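Survey of secondary and tertiary structure
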Amino acid sequence: MSDILCIYYSRTGHTRRAMEEVADALGAEVTAITDDRDRNGWRGYIRCGMDAMKTSTRPLLPFQTEKPLNEYRLVIIGSPVWAGRCASPVRALLKRRGLEMKNVAYLVTRSTSQRSEEVYDQMDMYVKDAHRMAVSLRPGSEGYEFWRNDFVQNVRRWMDEQ
């Protein structure tokens, strides 16, 4: 069993791909989350933005991890950026289970050149301690692989120091 859990929500597959790459590089467990909301097509896209603006969230569908969240040394949470915020299913996870996670790191994917680092502070509101590290990736950009690999190295370094 791994000491690292990569848990994420992905609507288009960009966050899924990034999280699977990170999990593979770290030998981490990877788990997807979702809610019961249809987010496909252009209507789903609009719904995502509206849901991101709300503070209320929908319940998540059940998900499985190899061990309880509080037993992982590090939980890496992956989210697309929607309207300058984390995806509403990720916010639902953090609101309901964030205090169970001892150490968190964030991986956010974005479609714009804006780094959207303010999302980290929004996510930190729902966890016991602020994130240990974070990365903002723009799939398809020149710096994607560099920043993803830098994040992996930072996680490895942090794990070695603990």
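Whatever comes next refers back to the structure up there.
Within each chain, residues carry numbers counting from 1 in the order of the written sequence. Per-residue local features of the predicted model are confined to residues with pLDDT of at least 70, and side-chain atom pairs are confined, for both listing and counting, to 80 or more; whole-chain, interface and lining totals are unaffected and use all residues. Each side-chain value is worked out from all heavy atoms of the structure, with water and hydrogens disregarded.

**Notes on the side chain of S136**
Inclusion rule: Secondary structure is summarised from DSSP: a helix means a run of H or I of at least four residues, a strand means a run of E of at least two, and numbering begins at the N terminus for each. Note on exposure labels: buried denotes an accessible area under 20% of the residue type's maximum, exposed denotes more than 50%, and partly exposed covers the range between, all computed with a 1.4 Å probe on protein chains only. N or O atoms within 3.5 Å of each other form a polar contact, as long as, within protein, one can give a hydrogen and the other can take it, and as long as residues adjacent in sequence are counted only when both atoms are side-chain atoms.
For S136, the position within the fold is in strand β6 (residues 133–137). A residue is classified by how much of its surface remains accessible, and S136, at 1% relative accessible area, is buried. A polar contact of 2.6 Å, which involves the side chain of S136, links it to the side chain of R110.

**Observations concerning the pattern of salt bridges**
Operational definition: Any carboxyl oxygen of Asp or Glu within 4 Å of a side-chain nitrogen of Lys or Arg constitutes a salt bridge here.
Taken as a whole, this structure holds 6 salt bridges when the rule is applied. Across the pair R16 and E20 runs a salt bridge, and its minimum N-O distance is 3.4 Å. With R16 and E20 both in helix α1 (residues 14–26) and 4 residues apart, this pair spans about one turn of that helix. In this structure, E100 and R97 form a salt bridge, with 2.7 Å as the shortest nitrogen-oxygen distance. For E100, a relative accessible area of 30% corresponds to the partly exposed category. Residues joined by salt bridges that share partners form a network here, namely D3, K67 and R73.

**So, helix α3 (residues 88–97)**
Summarising burial for α3: 7 of the 10 residues are buried, a large majority. Within the sequence span of α3, burial applies to S88, P89, V90, R91, A92, L93 and L94.

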